[in-house]
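Overview (structure and organization)
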Amino acid sequence: MSNGKAWRKCLYENYGYPDNYTPPESFLAALQKNKDLKLYTKKECLQGGAVVGREFSIVLTFCSLYLYLREGIIECDQLIISLSIVLCIGYLQYLRKVYLAALISGGKMTILFLAVGYAV
């Protein structure tokens, strides 16, 4: 695109170059688009969406429980008992997946921290 006139960056003068022209020695000529592009699989996208959905549902659950407590729809004792039951069921499910050795070593560490915590 050379028409004899040198290109110069000037806003209002017409030099015969198109409006989006950039000279080859410009930094834009060396611009690399999508250089380190990582393509995600459908499974990875769904897993990421599931994490976002889980966090969103946790926030909605917290807000709804707060509103229920504030409006008096449920009592504090009912909420604590319900959450304790759910927590125990979840912990039992967790124990089913944990090996016995890891459980024993974790129990020893818990007893140690409790003993040291109450001794101080």
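Keep in mind the model is a prediction, meaning the values are calculated, not measured.

So, about the overall build of the protein. Across its full length, the protein carries 3 helices and 0 strands. N-terminal to C-terminal, the α/β element order of the protein is α-α-α. Burial statistics for the protein: of 120 residues in total, 4% are counted as buried. Carbon and sulfur atoms provide 66% of the accessible area of the protein, an area that totals close to 11,500 Å².

Quick look at unusual backbone geometry now. One non-glycine residue with positive phi stands out, namely asparagine 34, at about 55°. Following the sequence through the fold, asparagine 34 ends up in the segment before helix H1 (42-71).

Mean pLDDT over the protein: 84, with 87% of residues reaching 70 or higher. For the protein, helix H3 (residues 100-119) is the element with the lowest average pLDDT, namely 81, and H1 is the one with the highest, namely 96.

Taken as a whole and judged by the stated rule, the model has 3 salt bridges. Between glutamate 44 and lysine 38 there is a salt bridge, with its nearest N and O atoms 3.9 Å apart. Taking relative accessible area as the criterion, glutamate 44 reaches 36% and is therefore assigned partly exposed. Classification of lysine 38 as partly exposed rests on a relative accessible area of 48%. Ionic pairing is found between arginine 70 and glutamate 71, a salt bridge with its closest N-O pair at 4.0 Å. Residues arginine 70 and glutamate 71 agree in their burial class; the two are exposed.

What counts, and where the lines are drawn
- Residues numbered from 1 in each chain as written.
- Predicted model: local features only at pLDDT ≥ 70, side-chain atom pairs only at ≥ 80, totals over all residues.
- Heavy atoms only, no water.
- Helix = DSSP H or I, 4+ residues; strand = E, 2+ residues; numbered from the N terminus.
- Buried < 20%, exposed > 50% of the residue type's maximum accessible area, 1.4 Å probe, protein only.
- Areas by Shrake-Rupley, 256 points an atom, 1.4 Å probe, with all protein chains shown as cover.
- pLDDT = per-residue confidence, 0-100.
- Salt bridge = Lys/Arg side-chain N within 4 Å of Asp/Glu carboxyl O.

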